[in-house]
Amino acid sequence: MRLFGDRPRRTAVVLSMVLVVCSGLTGCSTLTLDPTPVVPTRHPLPYSASINLTHVASYDLEPGSSLLADPNLQNHIVGATRGVDFAKQDWQNSILAYLNARQTFTRVVQEGQGDLDLALRITIFVDPGAVFQHNYVYIARAEVDLSKPPTRLTRAKYSGFGRAAGEVSRSGPEDDREPVNRAVHAALNDLFAKLETDARLPRL
């Protein structure tokens, strides 16, 4: 019974080692964005739009940075989040699916030209807090430059902010998936709600 009882433990240890190696060396830690769930907006815009995700990245912060008064989190970055890989095209597709579900625009253009061009940037910040004392905090910032063809000159800038709590400890990139999704969804909701209710937009 003793040997039999030890076998699952040894198997779990080996599996954990495989997952760590897979995460660090073979790109198995690709972090994806789930485009659901989305509640359709009550303020749709009478424009079609083309969306281009120009940047998506995640950075670790100095512990406790999210609690400081300084709103510029870039001042507290200690490095890129290790073990996290972004499949940019997958994120682009997820953003398009999100907007199609939200129905912000009459049509999201994947090929060709829309009435509006949106250049979107998503930045994620991970605050470890005090290790084993406070939950990890995930902060997402979604920023967009809006332009109108054919000039492509930026007419307006919008930003959205999202925040989510993770676990007390982070054993690997898989622990990031759920809180990152919650934070990014909150940031996208905040961003596009501002855009949808901007009274200046018809005059841009």
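Structure shown above.
Could you give an account of the overall build of the chain, naming the residues involved and the relevant values?
Within the chain, the regular secondary structure consists of three helices and eight strands. In the chain, the succession of helices and strands from N to C terminus is α-β-β-β-β-α-β-β-β-β-α. Burial statistics for the chain: of 204 residues in total, 42% are counted as buried. Pairs at least 24 residues apart make up 75% of the contacts formed inside the chain by residues separated by at least 6 positions. Accessible surface, the chain: about 11,600 Å² in total, of which carbon and sulfur atoms supply 56%.

Got a sec to walk through the packing of helix 2 (residues 88-102) against helix 3 (residues 174-196)? Specific residues and values, please.
Viewed as axis vectors pointing N to C, helix 2 and helix 3 meet at an angle of 50°, and their least axial separation amounts to 12 Å. In this view, helix 2 runs oblique relative to helix 3, as classed from their interaxial angle. The two elements helix 2 and helix 3 cross, and the hand of that crossing is right-handed. Contact residues: helix 2 offers W91, I95, Y98, L99 and R102, while helix 3 offers V180, V184, H185, L188, N189, F192, A193 and E196. Across the contact of helix 2 with helix 3, the residue classes tally to nine nonpolar, two polar and two charged.

Give me the lowdown on unusual backbone geometry, citing residues and values where you can.
Trans is the prevailing form of peptide bonds, just as negative phi is the prevailing case for residues other than glycine. Following T36, the chain continues into P37 via a peptide bond in cis, with omega recorded as -5°. Its location among the elements puts P37 in the loop between strand 1 (30-31) and strand 2 (48-61). Of note in this structure, Q103 is not a glycine but carries a positive phi near 65°. In this fold, Q103 is placed in the loop between helix 2 and strand 5 (107-109). A relative accessible area of 45% means that Q103 is categorised as partly exposed.

Any chance you could break down the packing of aromatic side chains for me, citing the residues and the numbers?
A full pass over the atoms with the stated rule returns three aromatic pairs. When the centroid spacing of 6.5 Å and the interplanar angle of 35° are considered together, the rings of Y59 and F125 count as tilted. With Y59 in strand 2 and F125 in strand 6 (residues 116-127), this pair connects stretches of sequence that are 66 residues apart. Here Y59 falls in the partly exposed class, since its relative accessible area comes to 24%. The exposure class of F125 is buried, given its relative accessible area of 0%.

Please set out the nonpolar core residue by residue, giving values where relevant.
In a soluble, globular protein the nonpolar side chains are often hidden away together inside. Judged by nonpolar contacts, the single largest core of 42 residues is most densely connected at W91, F105, L118, I122, L188 and L195. At the level of elements, strand 2, helix 2, strand 6, strand 7 (137-147), strand 8 (154-165) and helix 3 are the ones that each hand at least two residues to this core. For this core, the element with the highest residue contribution is helix 3, accounting for eight residues. Dropping the residues within four chain positions of it, L188 is found in contact with L33, I95, Y98, L120, I122 and A142. L61, F125, V137 and I139 belong to the second largest nonpolar core, which has five residues in total.

If you had to explain the side chain of E196 to someone new, which residues and values would you point to?
One can find E196 in helix 3. E196 sits in the buried class, given a relative accessible area of 8%. A distance of 2.7 Å separates polar atoms of two side chains, one belonging to E196 and the other to T41.

Break down the pattern of salt bridges for me, with residues and values.
This model, assessed by the stated rule, comprises seven salt bridges. Residues participating in the shared-partner salt-bridge network are R121, E143, D145 and K157.

How would you summarise the environment of L73 if you had to cite specific residues and measurements?
Inspection of the secondary structure puts L73 in the loop between strand 2 and strand 3 (77-80). Judged by its relative accessible area of 6%, L73 is buried. Distance in space between the C-alpha atoms of L73 and I139 is 9.5 Å, their sequence separation being 66 residues. Excluding residues that lie within four positions of it along the chain, L73 makes contacts with L61, S65, F125, I139 and R141.

Reading the values: the criteria
- Residues numbered from 1 in each chain as written.
- Predicted model: local features only at pLDDT ≥ 70, side-chain atom pairs only at ≥ 80, totals over all residues.
- Heavy atoms only, no water.
- Helix = DSSP H or I, 4+ residues; strand = E, 2+ residues; numbered from the N terminus.
- Buried < 20%, exposed > 50% of the residue type's maximum accessible area, 1.4 Å probe, protein only.
- Contact = heavy atoms within 4.5 Å.
- Areas by Shrake-Rupley, 256 points an atom, 1.4 Å probe, with all protein chains shown as cover.
- Axes fitted to C-alpha atoms, helices over the stretch in contact; angles between N-to-C directions.
- Parallel < 35°, antiparallel > 145°, perpendicular 65-115°, else oblique.
- Left-handed = near helix turned anticlockwise from the far one by under 90°.
- Nonpolar A, V, L, I, M, F, W, Y, C, P; charged D, E, K, R; others polar.
- Phe/Tyr/Trp six-rings, centres within 6.5 Å; stacked < 30°, edge-to-face > 60°.
- Core = buried A, V, L, I, M, F, W, Y, C linked by side-chain atoms within 4.5 Å.
- Polar contact = N/O pair within 3.5 Å; in protein donor to acceptor, adjacent residues only side chain to side chain.
- Salt bridge = Lys/Arg side-chain N within 4 Å of Asp/Glu carboxyl O.

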